[in-house]
4 protein chains.
Amino acid sequence: MCVFLLLKDLTDSDPEPSTVERLGAGPGSGFKWESSPVKDDPHFHHFLLSQSEKPASSMEPISKRLKVIEEVTGSTSIQAADSTAINGSITPTDKRIGFLGLGLMGSGIVSNLLKMGHVVTVWNRTAEKCDLFIQEGARLGRTPAEVASMCDITFSCVSDPKAARDLVLGPSGVLQGIRPGKCYVEMSTVDPETITELSQVITSRGGRFLEAPVAGSQQLSNDGMLVILAAGDRTVYEDCSSCFQAMGKTSFFLGEAGNAARMMLILNMVQGSFMATIAEGLTLAQATGQSQQTFLDILCQGQMASTFVDQKCQNILQGNFKPDYYLKHIQKDLRLAISMGDMANHPTPMAAAANEVYKRAKALDQSDNDISAVYRAYIH
Amino acid sequence: MCVFLLLKDLTDSDPEPSTVERLGAGPGSGFKWESSPVKDDPHFHHFLLSQSEKPASSMEPISKRLKVIEEVTGSTSIQAADSTAINGSITPTDKRIGFLGLGLMGSGIVSNLLKMGHVVTVWNRTAEKCDLFIQEGARLGRTPAEVASMCDITFSCVSDPKAARDLVLGPSGVLQGIRPGKCYVEMSTVDPETITELSQVITSRGGRFLEAPVAGSQQLSNDGMLVILAAGDRTVYEDCSSCFQAMGKTSFFLGEAGNAARMMLILNMVQGSFMATIAEGLTLAQATGQSQQTFLDILCQGQMASTFVDQKCQNILQGNFKPDYYLKHIQKDLRLAISMGDMANHPTPMAAAANEVYKRAKALDQSDNDISAVYRAYIH
Amino acid sequence: MCVFLLLKDLTDSDPEPSTVERLGAGPGSGFKWESSPVKDDPHFHHFLLSQSEKPASSMEPISKRLKVIEEVTGSTSIQAADSTAINGSITPTDKRIGFLGLGLMGSGIVSNLLKMGHVVTVWNRTAEKCDLFIQEGARLGRTPAEVASMCDITFSCVSDPKAARDLVLGPSGVLQGIRPGKCYVEMSTVDPETITELSQVITSRGGRFLEAPVAGSQQLSNDGMLVILAAGDRTVYEDCSSCFQAMGKTSFFLGEAGNAARMMLILNMVQGSFMATIAEGLTLAQATGQSQQTFLDILCQGQMASTFVDQKCQNILQGNFKPDYYLKHIQKDLRLAISMGDMANHPTPMAAAANEVYKRAKALDQSDNDISAVYRAYIH
Amino acid sequence: MCVFLLLKDLTDSDPEPSTVERLGAGPGSGFKWESSPVKDDPHFHHFLLSQSEKPASSMEPISKRLKVIEEVTGSTSIQAADSTAINGSITPTDKRIGFLGLGLMGSGIVSNLLKMGHVVTVWNRTAEKCDLFIQEGARLGRTPAEVASMCDITFSCVSDPKAARDLVLGPSGVLQGIRPGKCYVEMSTVDPETITELSQVITSRGGRFLEAPVAGSQQLSNDGMLVILAAGDRTVYEDCSSCFQAMGKTSFFLGEAGNAARMMLILNMVQGSFMATIAEGLTLAQATGQSQQTFLDILCQGQMASTFVDQKCQNILQGNFKPDYYLKHIQKDLRLAISMGDMANHPTPMAAAANEVYKRAKALDQSDNDISAVYRAYIH
């Protein structure tokens, strides 16, 4: 059973400092904490999960409530998972923030950082993308090295391991701007080996390193509702508190660098297998003369119902495969997760089967569509 | 987008007859309907799904609210899905009800039929199981044939196709009690071919046939919260309205006999693949040094969160494999679904991979544990 | 290490009777036996395998030499495998032979029975097919029942379990012609359950039952080079000695009825998985810019080289998918083998993967092509 | 149909030079060629395959006959496959040969190079292994750099991509000894990307590069019966003619560097899937009460019979899992082949299924056993 720490409104009085204080959510931050192990109400948990406090289309998360999950299982090998919270009146850190990479995910994140009052210097490979954010108050960095040297905490969010490496190690790269005490936060979803390598080079220059890949989609990024998995230097994690509150609904700290990459790959592996399974069910329904809409309706009535199942099925039934998460990326994640299983001598037959289905979808030119386009691998 | 018909309390006045009237929930039945296409609120759907109106442990569904889903897609090959509703003050049918098979599912169903005021005659292979229900007001039938001849509508709920066939075709079987107009409702989860055969023999004697397999578990059966998939003779479906309201939260009518079996097999195929995927993720987390509880916590925060994921993971983390649905039965369902794909020339690689994992679990003596025991196939 | 019993020419003198005598190959049969455990020559075995004593295109196996394999491992649960032999001068049994089913396999078999001097009465569902064989000396039976009542040993070779059942149990079926002592030999490849059922009904009338499915193809059937797997009543097996010599190069007796069906399904399962693997290799070669012909040439040089690999690759490279064994039949065999694994709680992940590839091939209209057409599932 | 170039004995007279002359097998080399397209004899091919001209246990391949396969399909993207030949009286090249890596494969190769009269300088990470070969006439090199600078052609044969890279790029590595005209031949089985990288660094120093991975086993290496796949600089391939004749029974030239790695991975992928399929068949036989020896006997009689099937089954039945090819290496090859399919968007469901079975075998501590130990993944 998960244990929830619930945020009450400021109108409640509670002078007691909480564990969250160290995350920058102290008495002066405009909200306070209350521990509430909701063991007696099995539905409360899911009420929280199914309620999105910010309207999906809104960019103004003023009324955002806090949900914090604290791991209480006392796993020894893993640091306790913490979390952050966001409130309309949170106090942004006064550290200078740098951000490298203004793609689909990065754009939403930077936008939310600015809204919450952070001072942000941005850089993007194609500089024009920076203009919009400069109008919103961001400063322009000319190179990754310059951003890293000008800022206290530099985030990056790019597409793959190679891009992540180049950004740090390439000409005018981050590494040239790193000096003792500087923080670097890698938000790209990459393999654990890349994280280990980046962590080593950053710390070898006296820098402080955190990985912080995010679970979510373009929409959730825009809404500031990402789930952040962080690992590495805990003091960096704490320094990033107001940033994570701005961009996400929850964050977890998972211990040493590499753990967040591992966990993210497993989550995406599960997601990829779920998606392929749903597509298999929908197409078998059709192949045996059943209504796909009815199949979805029945699924929605059962215990497997989830936002994911509902949204992806809706998209498929509407023939809408606009990418919320690229199919080619979930295939890459499956491959990396399977390789991770290889190294651990751990069979992953479901992921292996799913991977083959996605490869067929890629062969059918679905790489740049949403993961739900795996459906097409079953009907061609 | 699903369209919901919401039931309001009797205290509201609404003289207008509704589509549900034909299901026996007319003006005199103590409740009325209101159409509410909840298109504007994307979260409302899931609010409904995640809220269970009856406390999970209660056997008194007095305050049960109604949720009705009506398919509006107008699929031409398939009959529109209808649904039933239950209310503390529903009017039970005055037809005489027979019930054959008092196993885990049947027991909960009969109990709820009696609570709602139905007149029920029961029979079970081992007669002692009938005693409890006789104390609750049920009558005793000596043979399936006698029950069928005494009652207007006879339900059966047994373990597999062979048992279902024997009950009808064997000595003192149902067939010997069938006369023109008698209704027979097969609730066992079997293959479409068995349904077709039973439908033919029942109707050849002038009987009326309905299949009505249920999605759910022992707990949901006890709670009267099953999802009922019905197909066959629609007039029987309508005559069963108050019965289905007593035992389930929703029902769907899917057209000609065999369709409910097909749909149920696909649903269980998806469930089996989901379960294996979850087990694969949990074990890969462990194999790569990650906390399984944290993995679950993160899953709970994302869009894949569902009652199913949460409950099954909790059970696994607690080492609790008490059967809510037998592992051997989900393997059988996977096999039957794969065969159905064979006949339709439709590949089901995810189900095929899952099936092999369940076979390994069976070889590890997990047949009579819950489906979540597939976890053990990954750690041995 | 296999142990070979080699047949020498009659010109050698050897008065000693052999185990083969009971198979009707006694001193008067024109040949004799010599035991030769060829342990010292690891290549001798394959010399035998790769040499086909009859030219592939010849219908005149006059010079056919004998190859006999005797199992010496002393498995206790299984009867020792025996074998038969063929020689240009074998003595045909004087028992009256019936043959039901003149399809691709049956035609070659009957032709060889006649050539070796047997008295054969034939029946086929479409009677015209009998004409050719009547010209070669066969007699015409009007119904299966008539053939069974007129003949001492009746063989059948039809397409599937249903056809096999109908032939025995249907109107004017074999069962009506069975009387005490009559022999019935089921050569169709069916599941063990069907064999058990047929065995029971035949023996309940005093008949004697043998199953004898064959491994091979249309070509091998024409050439009299089938491999025969027999099980059931051993005295029938012995009475069939000259028949099996006429149609096959080797036979095995596998104990109780059902074992031959089991063994045949496993062999076909392996064959199906091999075929899919070869197709996978050939297509991956092409997809990565390699010559398929070179791939085959290299395979031919290695230890995986076999007649099967060579022939199937040649056919694929020539785009020749004329059926030697129907793709739809190997898919059926895979399905039955997987089900057999289900019942034994034995995972068969390779067969499960192969089965899905064949299903895709069937969806691409390859059912009536050769099994090598599974290649097309990889390129579409 | 393959086309064979057959070597006749020197006692035949044939003044005509052949295509093989450019491979160093000219008139003075002690043997000559005759083209023989054996189209008329379908069994000749397999006679060649199944006959090993050298006794398996002999280290003296004096009487070795030549088999040459020439591709005649005229694939345009791929160079025609050539081949080499060996004869007791071949003329060894007078170029100085270097050899790095005296493991299981390298030892047999060097031994055969020396026997055929080559001048060989050896180096091994653990120097003691060199002693035996120095007694046989080899010279000792102190570092890879020294060997490369002293010799005209340097071969290396190590365990994996990392070892191969280190040997070239590490301290005192090959690269430091490469000068214009020097030849480097990479015989390790690695991925195409590693080959491309090594090729680039060698040629950037003016060196000439060839990859030449070998198909075979320790036994075949000792016997000089390897199959060599070569690609890269064709002049190096030709300069290596007498070396390849000494170590192998056949060689193929496959065009640009990387092609040999690709082809080798596909071959090993097929081998890995075959092996898993065989294990699946053997264990299903046992699980359904059939004799495994009989299963093998029947396989041996059919068209799937091969040296590979026979040897691996024998080993399994004897419980002999001594490595001829490491299980962990075939799993690595499967993984690399699957990745290669990923990059080509080509599904490989059979390899994916096999890979999972091997991972299970690794988890059961079978990594350092023979690939046939995958059998144990099916019985535990």
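Quick notes on the rules
- Residues numbered from 1 in each chain as written.
- Chains lettered and ligands numbered in written order.
- Predicted model: local features only at pLDDT ≥ 70, side-chain atom pairs only at ≥ 80, totals over all residues.
- Heavy atoms only, no water.
- UniProt positions renumbered as here; feature names shortened; annotations may be inferred.
- Helix = DSSP H or I, 4+ residues; strand = E, 2+ residues; numbered from the N terminus.
- Contact = heavy atoms within 4.5 Å.
- Buried area = accessible area lost by both parts, 1.4 Å probe.
- Salt bridge = Lys/Arg side-chain N within 4 Å of Asp/Glu carboxyl O.
- Polar contact = N/O pair within 3.5 Å; in protein donor to acceptor, adjacent residues only side chain to side chain.
- Nonpolar A, V, L, I, M, F, W, Y, C, P; charged D, E, K, R; others polar.
- Core = buried A, V, L, I, M, F, W, Y, C linked by side-chain atoms within 4.5 Å.
- Buried < 20%, exposed > 50% of the residue type's maximum accessible area, 1.4 Å probe, protein only.
- Least-squares fit on C-alpha atoms with pLDDT ≥ 70 in both.
- pLDDT = per-residue confidence, 0-100.
- Expected span 1.5 Å × (residues − 1).
- Axes fitted to C-alpha atoms, helices over the stretch in contact; angles between N-to-C directions.
- Parallel < 35°, antiparallel > 145°, perpendicular 65-115°, else oblique.
- Left-handed = near helix turned anticlockwise from the far one by under 90°.
- Arc of directions from axis to C-beta.
- Phe/Tyr/Trp six-rings, centres within 6.5 Å; stacked < 30°, edge-to-face > 60°.
- Lys NZ or Arg CZ within 6 Å of the ring centre and 35° of its normal.
- Pairing = 2+ DSSP bridges.
- Right-handed = clockwise from strand over helix to strand, strands pointing away.

> Describe the UniProt feature "domain: 3-hydroxyisobutyrate dehydrogenase-like NAD-binding" (unreviewed entry) in chain A, listing the residues and the values that go with them.
As recorded in UniProt, the feature "domain: 3-hydroxyisobutyrate dehydrogenase-like NAD-binding" (unreviewed entry) lies at residues 258-378 of chain A. Along residues 258-378 of chain A one finds 71% helix and 0% strand; the C-alpha atoms at either end are 35 Å apart.

> Account for the interface of chain C and chain B, naming residues and giving values.
The interface is formed by 18 residues belonging to chain C together with 18 residues belonging to chain B. Carbon and sulfur atoms supply 50% of the area that chain C and chain B bury against each other, a total of about 1,400 Å² over both sides. Three residues, Asp342, Asn345 and Lys359 of chain C, lead the burial of chain C against chain B; their summed loss comes to 40% of the area buried on that side. Taken together, the links from chain C to chain B amount to four salt bridges. Asp342 of chain B is the salt-bridge partner of Arg335 of chain C, the closest N and O atoms lying 3.0 Å from each other. In this structure, the connection of chain C to chain B is made through 12 residue pairs in polar contact (both at pLDDT 80 or more). Tallying contributions element by element places helix 14 (residues 349-363) of chain C first for the side of chain C that touches chain B, with eight residues. Taken together, the residues of the side of chain C that touches chain B sort by class into five nonpolar, seven polar and six charged.

> Mind laying out the environment of Ala354 of chain C, listing which residues take part and the relevant values?
Summarising the element assignment, Ala354 of chain C is placed in helix 14. Sequence separation between Ala354 of chain C and Thr93 of chain C is 261 residues, and the spatial gap between their C-alpha atoms is 43 Å.

> Before we move on, could you go through the nonpolar core and cite the residues and values that matter?
A general trend in soluble globular proteins is that nonpolar side chains are found buried together. In terms of nonpolar packing, the biggest core is built from 106 residues, with Leu229, Phe295 and Tyr358 of chain A together with Leu229, Phe295 and Tyr358 of chain B touching the most fellow members. In terms of nonpolar packing, the next biggest core, distinct from the first, is built from 105 residues, Ala285 of chain C together with Ala231, Met269 and Val357 of chain D among them.

> I'd love a proper account of the relation of the copies chain C and chain B, names of residues and values included.
It takes a turn of 180° to lay chain C on chain B, together with a shift of 0.0 Å along the axis; the resulting RMSD is 0.0 Å. On the angle and the small slide along the axis, the relation comes out as a two-fold axis. Across chain C, the rotation axis passes nearest the C-alpha of Ala352 of chain C, at a separation of 2.9 Å. Most of the interface of chain C is mirrored in chain B, where 100% of its interface residues again form contacts.

> So what's going on with the side chain of Thr348 of chain D? Residues and values would help.
Its place among the elements puts Thr348 of chain D in the loop between helix 13 (327-343) and helix 14 (349-363). The exposure class assigned to Thr348 of chain D is buried, which follows from its relative accessible area of 0%. Ignoring sequence-local partners within four residues, the contact set of Thr348 of chain D consists of Glu356 and Lys359 of chain A, Glu280 and Leu284 of chain C together with Met269 and Ile338 of chain D.

> Describe the confidence of the model for chain A, listing the residues and the values that go with them.
The predicted model of chain A averages 80 in pLDDT, with 77% of residues at 70 or higher. The complex prediction reports pTM at 0.80, with the ipTM value standing at 0.79.

> Would you mind going over the pattern of salt bridges in detail, with residue names and values included?
Residues and elements named next belong to chain D. Considering all chains together, one arrives at 52 salt bridges over all chains under this definition. Residues Arg165 and Glu197 are paired through a salt bridge, measuring 2.6 Å at the closest nitrogen-oxygen approach. Of this pair, Arg165 sits in helix 5 (residues 161-169) while Glu197 sits in helix 6 (residues 192-204); the two residues are 32 residues apart in sequence, bridging distant segments of the chain. Here Arg165 falls in the partly exposed class, since its relative accessible area comes to 26%. By relative accessible area, which is 28% here, Glu197 ends up partly exposed. Between Lys328 and Asp368 there is a salt bridge; the shortest N-O distance is 2.6 Å. In this pair, Lys328 is assigned in helix 13 and Asp368 in the loop between helix 14 and helix 15 (375-379), connecting sequence segments 40 residues apart. The exposure class assigned to Asp368 is partly exposed, which follows from its relative accessible area of 44%.

> I'd like a description of helix 2 (residues 104-115) of chain B, backed by residues and values.
Residues and elements named next belong to chain B. Compared with the 16 Å implied by 1.5 Å per residue over 12 residues, the 17 Å span of helix 2 between its first and last C-alpha is a close match. Among the residues of helix 2, Gly106, Gly108, Ile109, Val110, Ser111, Asn112, Leu113 and Leu114 are the ones counted as buried. Count one or two residues on from helix 2 and you reach Gly117, which has phi positive near 95°.

> Any chance you could break down unusual backbone geometry for me, citing the residues and the numbers?
Not every positive phi belongs to a glycine, and Ser172 of chain C is a case in point at roughly 55°. Considering the arrangement of structural elements, one finds Ser172 of chain C in the loop between helix 5 (161-169) and strand 8 (183-186). Under the relative-accessibility criterion, Ser172 of chain C is labelled partly exposed at 33%. With a phi close to 65°, Asp365 of chain D is a non-glycine residue in the positive phi region. Topologically, Asp365 of chain D is positioned in the loop between helix 14 and helix 15.

> A description of the packing of helix 10 (residues 259-287) of chain A against helix 11 (residues 292-301) of chain B should follow, citing residues and the corresponding values.
The N-to-C vectors of helix 10 of chain A and helix 11 of chain B enclose an angle of 55°; their axes lie 11 Å apart at closest approach. When the axis of helix 10 of chain A is compared with that of helix 11 of chain B, the two are oblique. Considering only the axes of helix 10 of chain A and helix 11 of chain B, their crossing is right-handed. When helix 10 of chain A is examined against helix 11 of chain B, the residues Met263, Ile266, Leu267 and Val270 of chain A are found in contact with a partner set consisting of Thr294, Phe295, Ile298 and Leu299 of chain B.

> Pulling in residues and values, what's your account of the UniProt feature "domain: 6-phosphogluconate dehydrogenase NADP-binding" (unreviewed entry) in chain A?
With numbering matched to this structure, UniProt assigns "domain: 6-phosphogluconate dehydrogenase NADP-binding" (unreviewed entry) to residues 96-255 of chain A. A distance of 25 Å separates the end C-alpha atoms of residues 96-255 of chain A, which is 41% helix and 23% strand.

> Tell me about the packing of helix 10 of chain A against helix 14 (residues 349-363) of chain B, residues and numbers included.
Between helix 10 of chain A and helix 14 of chain B, the least distance of the axes is 8 Å, while the angle of their chain directions is 115°. Taken as axis vectors, helix 10 of chain A and helix 14 of chain B run roughly perpendicular relative to one another. For the pair helix 10 of chain A and helix 14 of chain B, the contacting residues are Ser273, Ala276, Thr277 and Glu280 of chain A in the first and Pro349, Met350 and Ala351 of chain B in the second. Here the residues of the contact of helix 10 of chain A with helix 14 of chain B sort into four nonpolar, two polar and one charged.

> Describe in detail helix 6 (residues 192-204) of chain C, supporting the description with residues and values.
Because an α-helix completes one turn every 3.6 residues, residues spaced three or four positions apart along the sequence face the same direction. Residue and element names in this part refer to chain C. Look at helix 6: 18 Å from first C-alpha to last across 13 residues, which is about the 18 Å you get at 1.5 Å a residue. Buried within helix 6 we find Pro192, Thr194, Ile195, Leu198, Ser199 and Ile202. Along the axis of helix 6, the buried positions cluster into a sector of 150°, meaning they face one direction only. Facing away from the buried surface of helix 6 by more than 90 degrees, the exposed residues are Gln200 and Ser204. Contacts made by the buried residues of helix 6 are with helix 5, strand 8, strand 9 (208-211), helix 10 (259-287) and helix 13 (327-343).

> Break down the packing of aromatic side chains for me, with residues and values.
Evaluation of the coordinates by the stated rule reveals 22 aromatic pairs over all chains. Relative to Phe155 of chain A, the ring of Phe99 of chain A lies with its centre 5.9 Å away and its plane at 20°, an arrangement referred to as stacked. With Phe99 of chain A in strand 4 (residues 97-100) and Phe155 of chain A in strand 7 (residues 153-156), this residue pair connects regions lying 56 residues apart in the sequence. By the burial criterion, Phe99 of chain A is buried, and Phe155 of chain A matches it. Pairing Phe155 of chain C with Phe244 of chain C gives two aromatic rings, centres 6.3 Å apart and planes at 75°, and the pair type is edge-to-face. Separated by 89 residues along the polypeptide, Phe155 of chain C in strand 7 (residues 153-156) and Phe244 of chain C in helix 9 (residues 241-247) bring together distant segments of the chain. Phe155 of chain C gets classed as buried once you look at its relative accessible area, which sits at 0%. Among the aromatic residues, ring-to-ring pairing joins Phe99, Phe155, Tyr237, Phe244 and Phe253 of chain A into one connected group. Over the ring of Tyr326 of chain A we find Lys328 of chain A; its NZ or CZ atom is 5.1 Å from the centre of that ring.

> Requested: an account of the pairing of strand 5 (residues 120-123) of chain C, with residues and values cited.
Residues and elements named next belong to chain C. Of the two faces of strand 5, both are covered, the one formed by Val120 and Val122 as well as the one formed by Thr121 and Trp123. Bridge analysis of strand 4 (residues 97-100) against strand 5 gives four bridges, and the strand direction is parallel. Bridge pairing links Ile97 to Val120 in strand 5. Looking at chain direction, strand 5 and strand 6 (residues 139-140) are connected through two bridges and run parallel. Within strand 6, the position partnered with Thr121 by the bridge is Arg139. Assessed by its sense of winding, the connection that carries the chain from strand 5 through helix 3 (residues 130-135) to strand 6 is right-handed.

> Tell me about the environment of Gly141 of chain C, residues and numbers included.
All names here are of chain C. Along the chain, the position of Gly141 falls in the loop between strand 6 and helix 4 (144-150). In this structure Gly141 comes out as buried when scored by relative accessible area, which is 4%. Put simply, Gly141 and Val122 are 19 residues apart on the chain and 5.7 Å apart in space, counted from C-alpha to C-alpha. Here Gly141 is in contact with Thr121, Val122, Trp123, Glu146 and Val147, once residues within four sequence places are set aside.

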